[in-house]
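# Chain and residue survey
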Amino acid sequence: FVIRVAGNCLDTATLASLQFAVHHLKVKVLLVLGHELCGAVKAAMLPHEVLEKEPPELEQALKNIKAGLNQERFENMRDSRALDRESVTTNV
């Protein structure tokens, strides 16, 4: 049973799918994975002004991801790969 969601956003449909898997299919283990170079997480790191130019549903999803990221943790990071790795790790 696999659910793929951009940026690992948990919404009603995703949560309901997980509940279905556990309660009806008797899935015993849930595994949440992220990956480096996640476009959704990278986009969420953009300024709010840029996010506001996206379609409403995408804007909200990106803002939800952004809210879960520890922006202060990233302020002094200069290496883009390290920043990407840390932001994805924080998101998962």
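Above this note sits the structure.
Only a predicted model underlies this, so the values are computations on that prediction, with no experimental measurement involved. (Residues numbered from 1 in each chain as written. Predicted model: local features only at pLDDT ≥ 70, side-chain atom pairs only at ≥ 80, totals over all residues. Heavy atoms only, no water.)

Time to look at unusual backbone geometry. The backbone phi angle of asparagine 8 is positive, close to 55°, even though this residue is not glycine. Structurally, asparagine 8 is set in the segment before helix H1 (12–23). Phi angles above zero are rare outside glycine, and lysine 26 is one such case at about 60°. With respect to the helices and strands, the residue lysine 26 is situated in the loop between H1 and helix H2 (39–44). (Helix = DSSP H or I, 4+ residues; strand = E, 2+ residues; numbered from the N terminus.)

To continue, consider helix H4 (residues 56–68). An ideal rise of 1.5 Å per residue puts 18 Å on 13 residues; H4 measures up with 19 Å between its terminal C-alpha atoms. Residues of H4 that are buried: Glu59, Leu62, Lys63, Ile65 and Lys66. For H4, the angular spread of buried residues about the axis comes to 160°, placing them on one side. In this structure, H4 carries Pro56, Glu57 and Ala67 as exposed residues pointing more than 90 degrees from its buried face. On its buried side, H4 packs onto H2, helix H3 (48–51), helix H5 (71–74) and helix H6 (80–91). (Expected span 1.5 Å × (residues − 1). Buried < 20%, exposed > 50% of the residue type's maximum accessible area, 1.4 Å probe, protein only. Arc of directions from axis to C-beta. Contact = heavy atoms within 4.5 Å.)

It is worth spelling out a nonpolar patch on the surface at this point. Together, Phe1, Ile3, Phe20 and Leu25 give the surface a local cluster of nonpolar side chains, amounting to about 390 Å² of exposed area. On the secondary structure map, leucine 25 appears in the loop between H1 and H2. A relative accessible area of 44% means that leucine 25 is categorised as partly exposed. (Patch = residues over 30% accessible without salt bridge, like charges linked within 9 Å, V, L, I, M, F, W, Y side chains within 5 Å. Areas by Shrake-Rupley, 256 points an atom, 1.4 Å probe, with all protein chains shown as cover. Salt bridge = Lys/Arg side-chain N within 4 Å of Asp/Glu carboxyl O.)

Look at H6: 16 Å from first C-alpha to last across 12 residues, which is about the 16 Å you get at 1.5 Å a residue. Considered for burial, the residues of H6 that qualify are Ala82, Asp84, Ser87, Val88 and Asn91. Those residues of H6 that are buried lie in contact with H2, H4 and H5.

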